[in-house]
Amino acid sequence: MAQAKINAKASEGAQQQQHQQQQQSQSGGQLRGRFYRSTSMADRSSRLLENLDQLELRVEAFRDAASAMEQEKEILLEMIHNIQNSQDMRHISEGEREELNLTANRLMGRTLTVEVSVETIRNAQQQESLLHATKMIDETVNKLLDDLEDAKIRLMSLYGACTSDVPAGPIDQKFQSVVIGCAIEDQKKIKRRLETLLRNLENSEKSITLLEHQKSSVRQSCNSKQD
C-alpha cells in the first residue's frame, strides 16, 4: 500500500511537471508568435511608407508637369496674339491678312480647348496676400493708358521686388513684403505675370516707334516730292 501511494504521488508529480512544461511551451509559443507578428507589422508599415514616399515624388512631378503645361498654354496664346497684332500683319494685303487671322483664330481656339489648372493650397494669410498683390498689379495696369511711361516704371519696380537678380531700377518694398507673404507657387505666377506685362509693353513700344518712324519717312518723302 505504501509503495502504491509512493508510486501514485510520483506519477502525479510527473503529470504536474509535464503539465507545467506544456503551459510554458504554449506561453513561449504565444510570445514568439506575438514577436513575429510585431516584426511583420513593422515590415509592412515600412513598405507602405516607402510606397507613399515614392508616390509623393510622382505627385510632385505630376504637378510640375501640369504647371509646365499651364505655362505653355499662356505662352502659345501670347505668341498667337503677338502675331495678330504685329507690324508685319499691317503690311500685307487684306486677303492675306484675313486668311492669316483665320488661321490664328483657329489655333487660339484649339489652344483654349485645353483646360489645365493647378490649384495652390493656401492658408488665410497667403490668400489675403495674393489678393493684395493682384490688386496692386491691376491698379498699375489700369494706369497704362493714362501714363504709359510712369506705369512702365511702376511695373519694373514691382518686378524688381520679385526677382533675386540685381534690379535695374528701384524696388517697391511694400509690394515685396506682400509677395513674400504669398505661397511659393503664387510668387512664381506673380513674377511670370509681370514678365508677360513688361514683354507686351516692350513690344507695344517697338510697334509705336516703328509706326512713328514710318510716318516720319512718309512725310519726308512727301516734302521731297513737293520740293
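Residues numbered from 1 in each chain as written. Predicted model: local features only at pLDDT ≥ 70, side-chain atom pairs only at ≥ 80, totals over all residues. Heavy atoms only, no water.

For the chain, the name recorded in an unreviewed UniProt entry is BAG2 regulator, with Ceyx cyanopectus as its organism.

**Student:** Break down the overall build of the chain for me, with residues and values.
**Tutor:** If you tally the helices and strands in the chain, you get seven helices and zero strands. Looking at the chain residue by residue over its 227 residues, the buried ones come to 20%. Total accessible area on the chain is roughly 17,300 Å²; 54% of this is exposed by carbon and sulfur atoms. (Helix = DSSP H or I, 4+ residues; strand = E, 2+ residues; numbered from the N terminus. Buried < 20%, exposed > 50% of the residue type's maximum accessible area, 1.4 Å probe, protein only. Areas by Shrake-Rupley, 256 points an atom, 1.4 Å probe, with all protein chains shown as cover.)

**Student:** Would you mind going over the side chain of Glu-78 in detail, with residue names and values included?
**Tutor:** The topology assignment puts Glu-78 in helix α1 (residues 2-84). Look at Glu-78 and you get buried, because its relative accessible area is 13%. Each residue touching Glu-78, except ones within four places of it in the same chain, is listed here: Thr-196, Arg-199 and Asn-200. (Contact = heavy atoms within 4.5 Å.)

**Student:** Tell me what's going on with the packing of helix α4 (residues 124-142) against helix α5 (residues 148-160), and back it up with residues and numbers.
**Tutor:** Put simply, α4 and α5 touch, their axes get as near as 9 Å, and they point 160° apart. As far as their axial angle goes, α5 and α4 are roughly antiparallel. For the pair α4 and α5, the crossing hand works out as left-handed. From α4, Met-136, Ile-137 and Thr-140 reach across to α5, where they touch Ala-151, Arg-154, Leu-155 and Leu-158. Here the contact of α4 with α5 is built from residues that sort into five nonpolar, one polar and one charged. (Axes fitted to C-alpha atoms, helices over the stretch in contact; angles between N-to-C directions. Parallel < 35°, antiparallel > 145°, perpendicular 65-115°, else oblique. Left-handed = near helix turned anticlockwise from the far one by under 90°. Nonpolar A, V, L, I, M, F, W, Y, C, P; charged D, E, K, R; others polar.)

**Student:** So what about α5? Which residues, and what values?
**Tutor:** The end-to-end C-alpha distance of α5 is 18 Å, a good match for the 18 Å that 13 residues give at a rise of 1.5 Å each. Inspection of α5 places Ala-151, Leu-155, Ser-157, Leu-158 and Gly-160 among the buried residues, and these make up the whole buried set. (Expected span 1.5 Å × (residues − 1).)

**Student:** Tell me about the pattern of salt bridges, residues and numbers included.
**Tutor:** Applying the stated criterion across every chain yields a total of seven salt bridges. Here Arg-122 and Asp-186 are joined by a salt bridge, their closest N and O atoms 2.5 Å apart. Here Asp-186 lies in helix α7 (residues 184-226) and Arg-122 lies in the loop between α3 (94-112) and α4, a separation of 64 residues in the sequence. Overall, the relative accessible area of 30% leaves Arg-122 in the partly exposed class. Among the ionic pairs, Arg-193 bridges to Asp-138, the shortest N-O distance being 2.7 Å. Taken as a pair, Arg-193 in helix α7 and Asp-138 in helix α4 lie far apart in primary sequence, 55 residues in all. Residue classification places Asp-138 among the partly exposed positions, given a relative accessible area of 30%. (Salt bridge = Lys/Arg side-chain N within 4 Å of Asp/Glu carboxyl O.)

**Student:** For the UniProt feature "coiled-coil region" (unreviewed entry) in the chain, give the residues involved together with the corresponding values.
**Tutor:** In the numbering used here, UniProt assigns the feature "coiled-coil region" (unreviewed entry) to residues 45-72 and 184-214. Taken end to end, residues 45-72 is 100% helix and 0% strand, and its first and last C-alpha atoms sit 40 Å apart. (UniProt positions renumbered as here; feature names shortened; annotations may be inferred.)

**Student:** Describe in detail the nonpolar core, supporting the description with residues and values.
**Tutor:** Nonpolar side chains tend to gather and get buried jointly when the protein is soluble and globular. Ranked by size, the top nonpolar core spans 19 residues in total, and within it Ile-137, Leu-155, Leu-158, Cys-162, Phe-175, Ile-190 and Leu-194 carry the most contacts. Of all elements in the fold, only α4, α5, α6 (173-180) and α7 reach the threshold of two or more residues within this core. Top element by residues in this core is α7. It accounts for five residues. Look past the residues within four positions of Ile-190 in its chain and what remains in contact with it is Leu-130, Ala-133, Ile-137, Cys-162, Phe-175, Val-179 and Cys-182. (Core = buried A, V, L, I, M, F, W, Y, C linked by side-chain atoms within 4.5 Å.)

**Student:** Talk me through the confidence of the model for the chain; I want residue IDs and the actual numbers.
**Tutor:** In low-pLDDT segments, the atomic positions of the prediction should not be examined closely. For the chain, per-residue confidence averages 79 on the pLDDT scale, and 72% of positions sit at 70 or higher. Across residues 1-6, where pLDDT falls below 50, the model places zero contacts with residues more than four positions away in sequence or in other chains. Contacts for the low-pLDDT stretch residues 26-33, under 50 throughout, to residues beyond four places or in other chains number zero contacts. (pLDDT = per-residue confidence, 0-100.)

**Student:** Before we move on, could you go through the environment of Met-89 and cite the residues and values that matter?
**Tutor:** Note on placement: Met-89 falls in helix α2 (residues 87-90). A relative accessible area of 6% places Met-89 in the buried class. For the pair Met-89 and Asn-101, spaced twelve residues apart in sequence, the C-alpha separation works out to 9.0 Å. In contact with Met-89, not counting residues within four places along its chain, are Ile-83, Gln-84, Arg-97, Leu-100 and Asn-101.

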